Amino acid sequence: MFKAAFVLCNVVFLLLGNCEKLTKMLFVLINLLRFFMKKCIIKMNMIKNFKFFNFCRGIYCMNKKTRLLSLALVLIMLLSVAPSSFAVFAAKTEVVPTVKESITSESYNFQDSRFTNGMLLTTAGDSVNPIRNSWTPNKGTNASTYVVSGGNTYLNLSYDSARHNFRYPADTSFNFTADVKPSEAAGHFAGFVFNYGNEIDGNENKFFESNKLNGEAFVSKSGIGVSIHPTYIDIYVITYGTALGYITNRFNTSSSLALSFNSFSALDNGVDEIKFSINGAVFASVKYADAGLLPESVTNYCEKYYRTASICNSEGTALSSTSDALISYTKSLAMGSRFRSIAIDNMTLTQIKVDPLAFTAATVDLSDAPALKYYVSATELNKEGYTAPYVVSTFNGTETKITEYETVGDEYVFTYYGVTPESLNNTVSTTFYATKDGAVVKGATTK
């Protein structure tokens, strides 16, 4: 009887996969069947052969009553453990990339005498090629060089790429800027990739190779791509539903970007949005949310990704949206070019420090009774160890302390109802307070 139970375990093991925990559970349950299988006669030594037909022959050798009872109990047992077995397979182990806790501000204007005319981007040694202090070049055709022209030095990125050496925590707010001048040839990728995963690496993510989703236009297998052309800029977000995909939108420029250098910036608030600007004007943004792991069946993506994303215009209106986004939970940066070149100068990367005791916004709400709403960053308060936040509003000499707030996204919202429609033009002064290390700290005041 023990042998029959052992064979049952192995058959279920083969059917459901290599799951030691599940097999042990079934083994215990099957042993309970021994009481009902005392009359079972196994005519062959099944312990030596675990193939399915031998098990079937063993079952056949039981008398009819015992056989039916045994098979019924096995069926009930399998149905009862099925949900837990699927739960075992659904438990995906998260791969957490190594991150640097904060950004060390950096700037490359390429005026260092070591950036000589014609020197390759891929030149080895950070003492010779200073960009390697924080960037790792990847060789495509190895055509990218530093160019000295008219007393200025810049990087001409051409069919090569470079990845920033460091990755940063999810709540890191950063600003990346660069002066850019794309070549006249359009259609192929040339620009930057933000917040891509660490796991798609090597030859698959060198940022000069096409990801085969849209001809030569896109190069990454996760993250947000910004491809800069003479008369338009393409924004794309990589997705994964049942297969690799993307959403994208095109933003036309008011004049050709190929005629001179233009200031490009990417500002990530470290919470839910990255905004893109050209020559000081925001032209697009990508909003992201709902970080989580992909399904167990997707074996090549095991890091955490933001799964909801929208590409928005300058007003913040969503143009394209997806619930299958592959925007890395950690922050990352790369640049690359494919089949064309882009001139890059004055690159900077800085971390945006947010004052936890500052108001992020103040609005007037006229939807019901007139009210003033004051917003503060919950993330920054918690990160810096502040508790018990409240505001004090002063109107017509009367102070009102407001300790109750609602949580909206990443912010705490305090509401002041002490105004009337007739007094909306009057001044209300509001100050924020919070407690740290047992002491109440006074924050910002807004009017």
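Residues numbered from 1 in each chain as written. Predicted model: local features only at pLDDT ≥ 70, side-chain atom pairs only at ≥ 80, totals over all residues. Heavy atoms only, no water.

Digging into the sheet that holds strand E8 (residues 224-228)
In step 1: The strand order E2-E5-E17-E7-E8-E9-E10 describes an open sheet built from seven strands, whose pairing is antiparallel. The strands lining the two open edges of the sheet, one partner per strand, are strand E2 (135-138) and strand E10 (244-252). In this sheet, adjacent strand axes meet at a mean angle of 20° when their direction is disregarded. (Pairing = 2+ DSSP bridges. Helix = DSSP H or I, 4+ residues; strand = E, 2+ residues; numbered from the N terminus. Axes fitted to C-alpha atoms, helices over the stretch in contact; angles between N-to-C directions.)

A few points about the environment of Ala325
In step 1: Along the chain, the position of Ala325 falls in the loop between strand E15 (318-322) and strand E16 (327-328).
In step 2: A sequence separation of 85 residues divides Ala325 from Tyr240, and the C-alpha atoms of the two residues are 6.4 Å apart.
In step 3: The residues touching Ala325, leaving out its near neighbours within four places in the chain, are Val237, Ile238, Thr239, Tyr305, Tyr306, Arg307, Thr308 and Ala309. (Contact = heavy atoms within 4.5 Å.)

Observations concerning the pairing of E15
In step 1: Both strand E14 (residues 305-312) and E15 contribute to a ladder of four bridges, which runs antiparallel. Bridge pairing in E15 links Ser310 to Ser321.
In step 2: Counting the residues that bridge the hairpin from E14 to E15 gives five residues, and of these Gly316 lies at a positive phi of roughly 90°.

Some details on the packing of aromatic side chains
In step 1: For the structure shown, the criterion picks out 28 aromatic pairs.
In step 2: Judged by centre distance (6.1 Å) and plane angle (65°), the ring pair of Phe176 and Phe194 falls under edge-to-face. Highlighted residues: Phe176 in strand E6 (residues 174-182) and Phe194 in strand E7 (residues 190-194), separated in sequence by 18 residues.
In step 3: The exposure class assigned to Phe176 is buried, which follows from its relative accessible area of 1%.
In step 4: One aromatic cluster is present, built from ring pairs that chain together Phe359, Tyr374, Tyr405, Tyr412, Phe414 and Phe432.
In step 5: Here the guanidinium or amino end of Lys304 rests over the ring plane of Tyr329, the centre of that ring lying 4.7 Å away.
In step 6: Geometry around Tyr390 places Lys401 over its ring, the cationic atom sitting 4.3 Å from the centre. (Phe/Tyr/Trp six-rings, centres within 6.5 Å; stacked < 30°, edge-to-face > 60°. Buried < 20%, exposed > 50% of the residue type's maximum accessible area, 1.4 Å probe, protein only. Lys NZ or Arg CZ within 6 Å of the ring centre and 35° of its normal.)

Considerations on the nonpolar core
In step 1: Membership of the largest hydrophobic core comes to 50 residues, with the highest contact counts inside it found for Phe176, Phe194, Ile235, Phe264 and Phe276.
In step 2: Once residues within four sequence positions are removed from consideration, Phe264 is found in contact with Phe176, Thr177, Ala178, Val180, Phe192, Phe194, Val226, Ile228, Phe276, Ser277 and Ile278. (Core = buried A, V, L, I, M, F, W, Y, C linked by side-chain atoms within 4.5 Å.)

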